[in-house]
Amino acid sequence: MSEPTPRQVLYSLVAGGFLVVIAVLIVGGAVAGLVPAWWTATMSILLVVIGAWSFLNWRRTAPVLLMAIGLFLLWAIGTLITA
């Protein structure tokens with residue numbers, strides 16, 4: 001296996017940062033009572049699945065970033081709809 005490029009490391013850290021922000025938003029929405037429990041559970045499961053996949057495939061920067069940003073958009077739109 002070859003050395004990771006600096007770009008791969010940076011993009012993986014950015015995607016990880018997105019996932020951390022999404023986790024905080026999921027918990028914050030649940031604590032504030034903005035969303036129903038089923039939405040919080042669904043988003044939590046998606047976060048764990050995408051986080052685990054991203055952790056195992058962090059060198060594949062395009063799919064990792066797309067999934068992290070896509071999850072953020074899904075959370076934002078879904079929260080607006082369910083709130």
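Our structure's up above, just so we're on the same page.
First things first, this report covers the structure right here in the doc.

## Description of the environment of Ser 12
Tracing the sequence through the fold places Ser 12 in helix 1 (residues 6-32). Accessibility expressed as a relative area gives 16% for Ser 12, which makes it buried. The sequence separation of Ser 12 and Val 35 amounts to 23 residues, and the corresponding C-alpha distance is 29 Å. A polar atom in the side chain of Ser 12 sits 2.7 Å from the backbone oxygen of Trp 58.

## Side note on the packing of aromatic side chains
Within the structure shown, the criterion is met by two aromatic pairs. Ring centres of Trp 38 and Trp 39 lie 5.9 Å apart, and the angle between their planes is 80°; this geometry places the pair in the edge-to-face category. Judged by its relative accessible area of 52%, Trp 38 falls in the exposed class. Residue class for Trp 39 comes out buried when judged on its relative accessible area of 10%.

Parameters and conventions
Residues numbered from 1 in each chain as written. Predicted model: local features only at pLDDT ≥ 70, side-chain atom pairs only at ≥ 80, totals over all residues. Heavy atoms only, no water. Helix = DSSP H or I, 4+ residues; strand = E, 2+ residues; numbered from the N terminus. Buried < 20%, exposed > 50% of the residue type's maximum accessible area, 1.4 Å probe, protein only. Polar contact = N/O pair within 3.5 Å; in protein donor to acceptor, adjacent residues only side chain to side chain. Phe/Tyr/Trp six-rings, centres within 6.5 Å; stacked < 30°, edge-to-face > 60°.

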